[in-house]
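A structural walkthrough
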Amino acid sequence: MPLSRCQETAGPGGPVNDTPAGVGISGHGNTRAGTGRRPACHTPAVDLDLSGEHTLLRDTVRSYMEGEVAPVVDAHEREHRFPEAVVRSLGEMGWLGIPVPEAWGGAGMDTLAYAIAIEEIGRVWGSLGLIVAAHTSLGCGPILLAGTDEQKREFLVPLASGQVLGGYGLTEPGAGSDAGGIKTTARPADDAEGGWILDGGKRFITNAGQAGTYTVAARTGETPSGAPAISAFIVPAATPGFSVGRLEDKLGLHASATGELRFDGARIPAGNLLGELGGGFRTFLTILDGGRISIAALALGLAQAALDAAVPYVREREQFGRPIGTFQAVAFRIADMATEIEAARALVWRAAWLKDQGRDYGLAAAQAKLFASEVAARATDAALLVHGGYGYVDDYPVGRFLRDAKLTQIGEGTSEIQRLVIARRILGLRVS
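None of these values were measured; they are calculated from a predicted model. (Residues numbered from 1 in each chain as written. Predicted model: local features only at pLDDT ≥ 70, side-chain atom pairs only at ≥ 80, totals over all residues. Heavy atoms only, no water.)

A look at the overall build of the protein chain
When helices and strands are tallied, the protein chain shows ten helices and twelve strands. Sorting the 432 residues of the protein chain into buried and exposed places 50% on the buried side. (Helix = DSSP H or I, 4+ residues; strand = E, 2+ residues; numbered from the N terminus. Buried < 20%, exposed > 50% of the residue type's maximum accessible area, 1.4 Å probe, protein only.)

Quick look at the structure:
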């Protein structure tokens, strides 16, 4: 059948995404600029427009972050102060459980909506983006995935509705990329009270000291093959024998809390075992796949923030009698930033879409996280460089963007781990 020219018509439900194309504005659709019209031969299977619901969420989060949150960012970052009031407000608006079904206290939206929200939050405040991502993907995610209905009612509903903040205890001082090498143990209590006794510690845990509920990985013996059997447990912050150790002084993300979790004979009820005994490692690997989408979205937001800061600066800053943006060396750097950011956004949205379709998204999530985090590193570095000396002082925010972006190359698996995941999936070989 010969191809014919498409005739412009209004899309289903009327005009969509009238945002005109322009550098430095995230989340563009593919409609013709300013018309809100789609071609008549529009094929939903490859529709790159956001739905009305997604567009509304993006615009609402952006407006709130720019209007209400941006003015308090500098003070919190400077004082390394956790933004309790802002987090509470996000919970009241339903933004701490975006991808969680309404039946369990969430907003009942999809992964794409969640990724869009994290990008917009991270675009204004990286620390807050990390807090929300860790709470949603790592705090809510394991209970949503493996919890019983009773566990969801008791723990997930308060988390997803924003009443309680969540944390995730996997990483240990001697077990980072080698997550299977954890040493924290859980043993059945040998008295009439029953339950489990946890001993050990975790490190580099986001929301440490702020979370009211943690999901924790612990060894519960060995598998028939002799490998460690790892199980997951729900640990309320008030558990006797559980405490928070030191909080880390970090390169960036200064308003987020990162610290140690300590278990010294911490006793939890038998009903707090999450999923099957010995099935915790499989649960955590699944959760990390989804968590990579959120960290990729955070990286995307930081990269977009860098571009948003660089564009007006190079338009206005003059050297040799003209704006520095008129020099190819600077203009081409901006062009590369904008192009890579759009490519990263496509990868992030595709990974989220695959997850929402119930399809295998592990490879796509690793690719999105790898590329978006490295784009964030390059874009924030480029933004600092085009600012020159001003980029190196705290009067401008680009230094903060660069510091914050480094975490996205580390959290939820380093860039090297992402390459390992991707290579194994592509090659079908046991790359190590």
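The rest of the description comes next.
Considering the packing of aromatic side chains
What characterises a pair of aromatic rings is the spacing of the ring centres plus the angle enclosed by the ring planes. Evaluated as defined, the whole model comprises eight aromatic pairs. Taken together, a centroid distance of 5.5 Å and an interplanar angle of 85 degrees make the contact between Tyr64 and Trp95 edge-to-face. Taken as a pair, Tyr64 in helix α1 (residues 52-79) and Trp95 in the loop between α2 (84-92) and α3 (111-124) lie far apart in primary sequence, 31 residues in all. Taking the relative accessible area as the measure of exposure, Trp95 reaches 9% and is therefore buried. Here the aromatic residues Tyr214, Phe242 and Phe263 are joined through ring pairs into a cluster of three or more. (Phe/Tyr/Trp six-rings, centres within 6.5 Å; stacked < 30°, edge-to-face > 60°.)

Side note on the environment of Val72
Its place among the elements puts Val72 in helix α1. Separated by eleven residues in sequence, Val72 and Pro83 place their C-alpha atoms 9.0 Å apart. In this view, Val72 contacts Val86 and Trp125; residues no more than four positions away in its chain are not counted. (Contact = heavy atoms within 4.5 Å.)

What to know about the pairing of strand β7 (residues 228-236)
Among the nine residues of β7, seven are classified as buried, and the element is accordingly described as predominantly covered. As paired strands, strand β6 (residues 213-222) and β7 are joined by eight bridges and run antiparallel to one another. In the sheet register, Thr213 faces β7, and the bridge partner there is Pro236. In sequence, β6 turns back onto β7 through a hairpin of five residues, with Gly226 there showing a positive phi of about 95 degrees. Across two bridges, the pairing between β7 and strand β10 (residues 273-274) is antiparallel. Residue pairing across strands places Ala232 opposite Leu274, the latter belonging to β10. (Pairing = 2+ DSSP bridges.)

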